[in-house]
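Chains, contacts and geometry: an overview
What follows is the residue order along each chain.
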Amino acid sequence: MEQTKALNALEPYVALTKAATTARAAADLVTQATSNPNTYVFSELLDTPQIQALSQSPDYASQLEILRIFSYGTYMNYVSTKNLPSLNDAQTLKLRQLSLLTLAKDPHNLSYAALQQHLGLSNARAVEDLVISAVYAGLVDAQLDPRNGVVHISSVSPLRDLAPGSIASMLTVLRALAARCASTLEDLEGQATAIRVAAETRHGDKKAWVEQTTRLVEQEKATEQGVVAGVGAGVHTPRHGAMLNRALAKIQGHRFGKRGSGSLEANVDDDEAMEIDEEEPDDGGEYGGGGGAALGGPGKKRASRRKL
């Protein structure tokens, strides 16, 4: 959008070069084009034969150098080049704005102090005014940071021409960038492959675990169904025998726990100590011996012990 607008603004000056038959007329076109507030690219004007012919004019060759600086140079290039004509206010402002686009490539050049040095500005207020004018002209998207003395530029309009010989260096940079991108893509593909393999492994392990769990559950169900069927048929399986043994042990423990073991042993000893004497009648009859039988006569005595 900005390039189209800038090219449309330059087009009338390119058309006028056909009528610029003298060096002075061509030099005037350079001054007018660089003073227009809407022109920011100048390569088409610079390539015209009439403008290139200024290099053969001792009086106006400096105008050709000024157009080159506006096309791909900076304000410091203008200051460091000798024997150049003075710039008017519009040209000075535009050259500083274009120089700001070039300086924005390096964040270290965006401090207030650095911009004052590179753009020939006297104070921080002048830096802020220049940045604001560039923002309103649509050249940059920037924020001022007066506290830290820094200009934060987030985007720059592509409104600078390429310097001669810059294509080769640009191709070198682009090839290096392409190589880094290819390396990054290879790393990403390797990581994606590793992630995919790990996911497939986890899926297989989960599937095997589910199958094993299902098989064990089915076996447990089949075992329980067999146990229930055996109980219904009156058959005691080993599992049921173990269950009955545990139940009996629990009942016996409950019984003896209520009475206590010590009292049972004492009762047994007392029972063993009890005696019952019984008299058996002799051949003479119960009263045959008179009272002798009761006093230990010929009658036999049999003592029996009985455990109660």
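For clarity, every value in this text was computed on a predicted model and none was experimentally measured.

1. A look at the packing of helix α8 (residues 112–119) against helix α9 (residues 124–136)
Closest axis-to-axis distance for the α8/α9 pair is 9 Å, and the angle between their directions is 80°. Between α8 and α9, the crossing angle belongs to the class labelled roughly perpendicular. For the pair α8 and α9, contact is made by Tyr112, Leu115, Gln116 and Leu119 and by Ala124, Val127, Glu128 and Leu130, respectively. Of the residues contributing to the contact of α8 with α9, the split by class is six nonpolar, one polar and one charged.

2. Describing a nonpolar patch on the surface
Judged by side-chain polarity, Leu162, Ile167, Met170, Leu171, Leu174 and Leu177 come together as a nonpolar surface patch covering roughly 530 Å² of accessible area. The residue Leu174 is located in helix α10 (residues 166–232) in this model.

3. Comments concerning helix α7 (residues 89–103)
In this model, α7 (15 residues) spans 21 Å end to end at C-alpha, consistent with the 21 Å of a helix rising 1.5 Å per residue. Taken as a whole, α7 has its buried residues at Gln91, Thr92, Lys94, Leu95, Arg96, Gln97, Leu98, Ser99, Leu100, Leu101 and Leu103. The backbone nitrogen of Ala90 has a side-chain oxygen 3.2 Å away, supplied by the residue at the start of α7, namely Asn88.

4. Focus on the side chain of Arg96
Relative to the assigned elements, Arg96 resides in helix α7. Buried charged residue Arg96 carries no salt bridge. Nearest counter-charge: Asp89, at 8.0 Å.

5. Let's talk about the packing of aromatic side chains
By the definition in use, this model includes two aromatic pairs. Measuring from ring centre to ring centre gives 6.1 Å for Phe42 and Phe70, while their planes differ by 85°; the resulting arrangement is edge-to-face. With Phe42 in the loop between α2 (23–35) and α3 (43–46) and Phe70 in helix α5 (residues 61–72), this residue pair connects regions lying 28 residues apart in the sequence. The residues Phe42 and Phe70 share a single accessibility class, namely buried. The cationic tip of Lys94 hangs over the ring face of Tyr40; the distance from NZ or CZ to the ring centre is 5.2 Å.

6. Observations concerning the pairing of strand β2 (residues 150–156)
Bridge count for strand β1 (residues 140–145) against β2 is six bridges, and the pairing is antiparallel. Of the residues in β2, the one forming a bridge with Asp145 is Val150. Counted between consecutive antiparallel strands, the loop separating β1 from β2 contains four residues, among which Gly149 sits at a positive phi close to 65°.

7. Some thoughts on the nonpolar core
Counting 45 residues, the largest nonpolar core has Ile51 and Leu115 as the members making the most contacts within it. Non-local contacts of Ile51, meaning those with residues more than four positions away in its chain, are made with Thr17, Ala26, Val30, Leu45, Leu46, Leu64 and Leu67.

8. Quick word on the pattern of salt bridges
For side chains bearing opposite charge, pairing can occur when the charged atoms are close. Tallying each qualifying case throughout the model produces three salt bridges. In this structure, Glu65 and Arg68 form a salt bridge, with 3.5 Å as the shortest nitrogen-oxygen distance. Here the residue Glu65 and the residue Arg68 both occupy positions in helix α5, the gap between them amounting to three residues, near one helical turn. We classify Glu65 as partly exposed; its relative accessible area is 28%.

9. Some points on α9
Helix length check: α9, at 13 residues, gives a terminal C-alpha distance of 19 Å against a target of 18 Å (1.5 Å per residue), a fit within 8%. Ala126, Val127, Glu128, Leu130, Val131 and Ala134 are the residues of α9 that are buried. Buried-residue contacts for α9 involve α7, α8, β1 and β2. Measuring from the side-chain oxygen of the N-cap residue of α9 to the backbone nitrogen of Arg125 gives 3.2 Å; that N-cap residue is Asn123. Backbone geometry just downstream of α9 places Gly138 in the positive-phi region, at approximately 80°.

10. Re the packing of α2 against α7
Axis angle and axis distance: for two packed helices, these are the angle between their axes and the distance between the axes, and together they describe the pair. Relative orientation of the contacting elements α2 and α7 amounts to 60°, with a least axis distance of 8 Å. The angle between α2 and α7 falls in the class oblique. In this structure, the crossing between α2 and α7 has a hand that is left-handed. In contact with Thr31, Ala33, Thr34 and Ser35 of α2, α7 contributes Ala90, Gln91 and Lys94.

11. Here's the deal with the side chain of Thr34
If you trace the backbone, Thr34 turns up in helix α2. Take Thr34: its relative accessible area is 0%, and that puts it in the buried class. Within the structure, the side chain of Thr34 is placed 2.8 Å from the backbone oxygen of Val30, a separation counted as a polar contact. Polar contacts involving the side chain of Thr34 include one to the main-chain carbonyl oxygen of Thr31, which spans 3.1 Å. Those residues within four positions of Thr34 in sequence are excluded, and the remaining contacts are Phe42, Leu67, Phe70, Gln91 and Lys94.

12. Some thoughts on the confidence of the model for the protein
Detailed reading of predicted coordinates is not advised where the pLDDT is low. Summary statistics for the protein give a mean pLDDT of 80 and a share of 74% for residues scoring 70 or more. Within the model, the stretch residues 258–308 combines pLDDT values under 50 with 22 contacts to residues more than four positions away or in other chains.

Cut-offs applied
- Residues numbered from 1 in each chain as written.
- Predicted model: local features only at pLDDT ≥ 70, side-chain atom pairs only at ≥ 80, totals over all residues.
- Heavy atoms only, no water.
- Axes fitted to C-alpha atoms, helices over the stretch in contact; angles between N-to-C directions.
- Helix = DSSP H or I, 4+ residues; strand = E, 2+ residues; numbered from the N terminus.
- Parallel < 35°, antiparallel > 145°, perpendicular 65-115°, else oblique.
- Contact = heavy atoms within 4.5 Å.
- Nonpolar A, V, L, I, M, F, W, Y, C, P; charged D, E, K, R; others polar.
- Patch = residues over 30% accessible without salt bridge, like charges linked within 9 Å, V, L, I, M, F, W, Y side chains within 5 Å.
- Areas by Shrake-Rupley, 256 points an atom, 1.4 Å probe, with all protein chains shown as cover.
- Salt bridge = Lys/Arg side-chain N within 4 Å of Asp/Glu carboxyl O.
- Expected span 1.5 Å × (residues − 1).
- Buried < 20%, exposed > 50% of the residue type's maximum accessible area, 1.4 Å probe, protein only.
- Polar contact = N/O pair within 3.5 Å; in protein donor to acceptor, adjacent residues only side chain to side chain.
- Lys, Arg positive; Asp, Glu negative; His and termini not counted.
- Phe/Tyr/Trp six-rings, centres within 6.5 Å; stacked < 30°, edge-to-face > 60°.
- Lys NZ or Arg CZ within 6 Å of the ring centre and 35° of its normal.
- Pairing = 2+ DSSP bridges.
- Core = buried A, V, L, I, M, F, W, Y, C linked by side-chain atoms within 4.5 Å.
- Left-handed = near helix turned anticlockwise from the far one by under 90°.
- pLDDT = per-residue confidence, 0-100.

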